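In case you want the letters, here they are:
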Amino acid sequence: MGLLDGIAGPSDLRELDGNQLTQLAAEIRERLVSAVATHGGHLGPNLGVVELTLAIHRVFDSPRDRILFDTGHQAYVHKMVTGRAADFERLRQEGGLSGYPSRAESDHDTIENSHASTSLSYADGLAKAYEVRGEHRHVVAVIGDGALTGGMAWEALNTIAAGKDRPLVVVVNDNGRSYARTAGGLAARLAETRTHPRYETTLSTIKRRLTGVRVVGPPTYGALHAVKRGLKDAIAPQGLFEDLGLKYVGPVDGHDRPAVERALDQAKKFDGPVLVHVVTEKGHGYARAVAHEVDQMHQSYPFDPDTGESLATPETTWTQVFRDEIAVVAAERDDIVGITAAMLQPTGLDAFADKFPDRVFDVGIAEQHAVASAAGLALGGIHPVVAIYATFLNRAFDQTLLDVALHGCGVTFVLDRAGITGDDGPSHNGVWDLSILSIVPSMRVAAPRDGARLRELLREAVAVNDAPTAVRFPKGPVPADVEALDTVDGIDVMSRTGPDQAVDGVVIMAAGAMVQVAVDAARLLGDEGVAVTVVDPRWVLPVASAVVDLARHHALVVTVEDHGRAGGFGAAVTAALVDAGVDTPVVVCAVPQEFLSHARPAVLRARVGLTPEAIAGAIRAAVH
């Protein structure tokens, strides 16, 4: 048995000597590669924080001292050294280890919100709570340079700096990346620090000479590393943070564990707010991750650990369909621009950017700014396409409502990962976007059922220049195109099963990717003699008058959507029928208003009743 399997908690780390800690770091990296290669997950970020995490847990006393990880995707090492290393055999599997911190798993996990730039606000609140309660406990927040591009992080830093006696340590894990390279002015400033030859040469010279002096050397170097203001005033971001009132320590080589421990120990002794700047390499220790230029294996699907090659069968995804089409649309219209919040490749704007680099803007992890900036672009005669994960739209609701819609701005939102995404846990499921957008005046939302409809609806969306539009689609492979039997007032009729339809029939109104599920449910009922028509409204919000007319001529309406019940498509249809005085009963098949634990999307859909069999069962119960 290696050292890792003998680590029951952070206190065990303090019993290890330097050689053992080096061996442990190697075992952790080996376990990381093995687990992610088998189950998928976040590899690059965790490989980069091995020594940093060991140092944090050796200097601070978790769980009494609270350790927070911004976003949380880099917390695998933290999980391993808090007694969960053996559980990585079931990483991101149903009933197994979450891919993010989880309070249900361990007292060492404090927060599990996997949206970026929030950790410093949590830390500020915790530090204040301990002060009010009269408890002397350190709070450590680990945040990446990518998350520092989010405005919320700077709002928190402004407040943290005012708490002069609160023992709060901000650790900036500076690897120059979020998914891809970090964008913006702050990123450029930090990059200067990482790469400046005068800094590296001078620091190396000081370290070499001072560490050769007995007794005095290493402690003196440790102090000089933190206070050499003359050198860092010119090239490091010390002034940037100290002007806010924060003490600054660094930059420190994040893979030199003893150096990181010295910096953290110094920060701990300040007993007030201090920022420790740690420079790391994403993917460190696994050459294939470091060499992966796109995102250094930020999030990987199962792969061959020897080659780094994916084991998944290549399939065309929804994102790829959007990626290809938006590049074509951009070539046809020079007023189209793209906006991404630090997710150029994941949201499919990279092909657009390759062709027209001056027309795609990466604003960093700053969704609020992205949407308000889009409003400005629209006011200037440009049509912005904001490509974003559906779950992250939550962060920019105010801007969507009052900056875009209120001003009648033609902005198109492309909402990737809409619906149940599964493996990444509750915060990544895109099941709130319709609830948000349904209350935005003039907003129109499309839900394509296949790739052909995605291309069609995207073009229809960007043709609207006086109001906001949105196109939502799920994660994963795109299904084969399914043509409609007929189209009635813009509504696609997908199937008719059972006896000839009359007023006693059932109409299933399915949104987006749920269309095929609804067709399969109708087939089951048709075999039992139940007359069922399945329609795809294409544009799900606002509810079209044709949808109301269909409901008026059927005995039962069933809505099917991969979204939450409250404020979703079914709720909108129900309200529209009430407003029109149509008393046809409605059965809403949707995701319950709860946080879903991590599991495969198919498992979660079965759990919440979004399978053909479950939908058919709900219709049988209503009919009988």
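A brief structural summary.

The rules behind these values
- Residues numbered from 1 in each chain as written.
- Predicted model: local features only at pLDDT ≥ 70, side-chain atom pairs only at ≥ 80, totals over all residues.
- Heavy atoms only, no water.
- Helix = DSSP H or I, 4+ residues; strand = E, 2+ residues; numbered from the N terminus.
- Buried < 20%, exposed > 50% of the residue type's maximum accessible area, 1.4 Å probe, protein only.
- Contact = heavy atoms within 4.5 Å.
- Areas by Shrake-Rupley, 256 points an atom, 1.4 Å probe, with all protein chains shown as cover.
- Phe/Tyr/Trp six-rings, centres within 6.5 Å; stacked < 30°, edge-to-face > 60°.
- Polar contact = N/O pair within 3.5 Å; in protein donor to acceptor, adjacent residues only side chain to side chain.
- Arc of directions from axis to C-beta.
- Pairing = 2+ DSSP bridges.
- Axes fitted to C-alpha atoms, helices over the stretch in contact; angles between N-to-C directions.
- Left-handed = near helix turned anticlockwise from the far one by under 90°.
- Nonpolar A, V, L, I, M, F, W, Y, C, P; charged D, E, K, R; others polar.
- Parallel < 35°, antiparallel > 145°, perpendicular 65-115°, else oblique.
- 1 Å grid on protein atoms, 1.4 Å probe; cavity = no way out; pocket = protein on both sides within 12 Å on 5 of 7 lines; lining within 4 Å.
- Points joined across faces, edges and corners; volume = space filled by probe spheres on them.
- Salt bridge = Lys/Arg side-chain N within 4 Å of Asp/Glu carboxyl O.

What follows concerns the overall build of the chain. When you go through the chain residue by residue, the secondary structure sums to 25 helices and 18 strands. Looking at the chain as a whole, 58% of its 624 residues qualify as buried. Nonlocal contacts in the chain, meaning residues at least 24 apart in sequence, comprise 76% of its contacts between residues at least 6 apart. Of the accessible surface of the chain, which amounts to about 24,200 Å², a share of 53% is contributed by carbon and sulfur atoms.

For the rest of this paragraph, the subject is the packing of aromatic side chains. Applying the stated criterion across every chain yields a total of six aromatic pairs. With centroids separated by 5.8 Å and ring planes inclined at 65°, the aromatic side chains of Tyr76 and Phe88 adopt a geometry described as edge-to-face. Within this pair, whereas Tyr76 is found in helix α5 (residues 76-84), its partner Phe88 is found in the loop between α5 and α6 (119-133), the two being separated by 12 residues in sequence. Look at Tyr76 and you get buried, because its relative accessible area is 1%. Plain terms: the ring middles of Trp432 and Phe595 are 6.1 Å apart, the flat faces sit at 55° to each other, and that makes the pair tilted. Taken together, the residues span a long stretch of sequence, with Trp432 in the loop between β9 (412-416) and α19 (433-437) and Phe595 in the loop between β18 (586-591) and α24 (601-607) at a distance of 163 residues.

A few words on the environment of Thr149. Looking at the element boundaries, Thr149 is found in the loop between β2 (139-144) and α7 (151-160). The class for Thr149 is buried, based on a relative accessible area of 18%. Thr149 sits 216 residues away from Ile365 along the chain, and the two C-alpha atoms are 5.6 Å apart. There is a polar contact of 2.5 Å between the side chain of Thr149 and the backbone oxygen of Gly146.

The subject of this paragraph is helix α18 (residues 397-405). Those residues of α18 that sit buried are Gln399, Thr400, Val404 and Ala405. What you see down the axis of α18 is that its buried residues fit within an arc of 140°, all on one side. Structurally, α18 contributes buried residues whose contacts are with α17 (367-379), β9 and α19.

Looking now at the sheet that holds strand β13 (residues 491-497). The six strands lie next to each other as β12-β13-β15-β14-β17-β18, forming an open sheet whose pairing is mixed. The outermost strands of the open sheet, each flanked by one partner alone, are β12 (486-488) and β18. Neighbour to neighbour, the strand axes of the sheet diverge by 25° on average, direction disregarded. Looking at chain direction, strand β14 (residues 506-510) and strand β17 (residues 556-564) are connected through five bridges and run parallel. Across the sheet, the residue bridging to Val506 is Leu556, located in β17. Across the face of the sheet, helix α23 (residues 569-579) comes into contact with β14, β17 and β18 while running at roughly 145° to β17.

A few words now on the environment of Arg103. As for its position among the elements, Arg103 is in the loop between α5 and α6. Setting aside residues up to four positions removed in sequence, Arg103 forms contacts with Asp109, Thr110 and Glu112.

This part is about the packing of helix α2 (residues 18-39) against α5. Taken N-terminus to C-terminus, the directions of α2 and α5 make an angle of 115°; their axes are 11 Å apart at the nearest point. The element α2 and its partner α5 pack so that their crossing is right-handed. Along its contact with α2, which presents Ile28, Arg31, Leu32 and Val36, the element α5 presents Tyr76, Val77, Met80 and Val81. In terms of residue class, the contact of α2 with α5 is made up of seven nonpolar, no polar and one charged.

Strand order in the open sheet made by the seven strands is β7-β6-β8-β9-β11-β10-β16, with mixed pairing throughout. Each end of this open sheet is capped by a strand with a single partner; those strands are β7 (360-362) and β16 (539-541). Strand-to-strand twist in this sheet, taken as the mean axis angle between neighbours without regard to direction, amounts to 25°. Pairing analysis gives three bridges linking strand β6 (residues 336-340) to β7, with the strands arranged parallel. If you follow Ile339 over to β7, its bridge partner there is Phe361.

One way to put it is that helix α15 (residues 318-332) packs onto helix α20 (residues 451-462) with a least axis distance of 10 Å and a crossing angle of 40°. With respect to their mutual orientation, α15 and α20 come out oblique. Considering the relative orientation of α15 and α20, their crossing is right-handed. Residue-level inspection shows Trp318, Val321, Phe322, Glu325, Ile326, Val328, Val329 and Glu332 of α15 in contact with α20, the latter providing Gly451, Leu454, Arg455, Leu458, Arg459 and Val462. Considering only residue class, the contact of α15 with α20 consists of nine nonpolar, one polar and four charged.

The next thing to look at is empty space enclosed by the protein. In this approach, a probe sized like a water molecule rolls over the atoms, and the result shows the empty space that is left. Enumeration according to the criterion identifies three cavities of 30 Å³ or more in this entry. Here the second largest cavity is characterised by a volume of approximately 90 Å³. Residues that form the lining of the second largest cavity fall into these classes: eight nonpolar, two polar and two charged.

Two side chains with opposite charge may pair up if their charged atoms get near one another. Inspection of the entire model under this criterion finds 36 salt bridges. Note that Arg417 and Asp416 form a salt bridge whose closest N and O atoms lie 3.1 Å from each other. Here the two residues Arg417 and Asp416 agree in accessibility, since each one is buried. In this structure, the salt-bridge partner of Asp433 is Arg472, at a minimum N-O distance of 2.6 Å. A residue pair is termed long-range when its members are at least 10 positions apart, and Asp433 in helix α19 and Arg472 in strand β11 (residues 469-472) qualify at 39 residues. Residues Asp433 and Arg472 agree in their burial class; the two are buried. In the salt-bridge network here, residues are joined through shared partners; they are Arg449, Asp450, Arg453, Glu456, Glu460, Glu483, Asp492, Asp536 and Arg538.

The next point concerns the layout of surface pockets. Approximately 370 Å³ is the volume attributed to the second largest pocket. Lining of the second largest pocket is provided by 22 residues; of these, Glu112, Asn113, Gly425, Pro426 and Ser427 occupy positions nearest its centre. The residue inventory of the lining of the second largest pocket, partitioned by class, reads six nonpolar, 12 polar and four charged.

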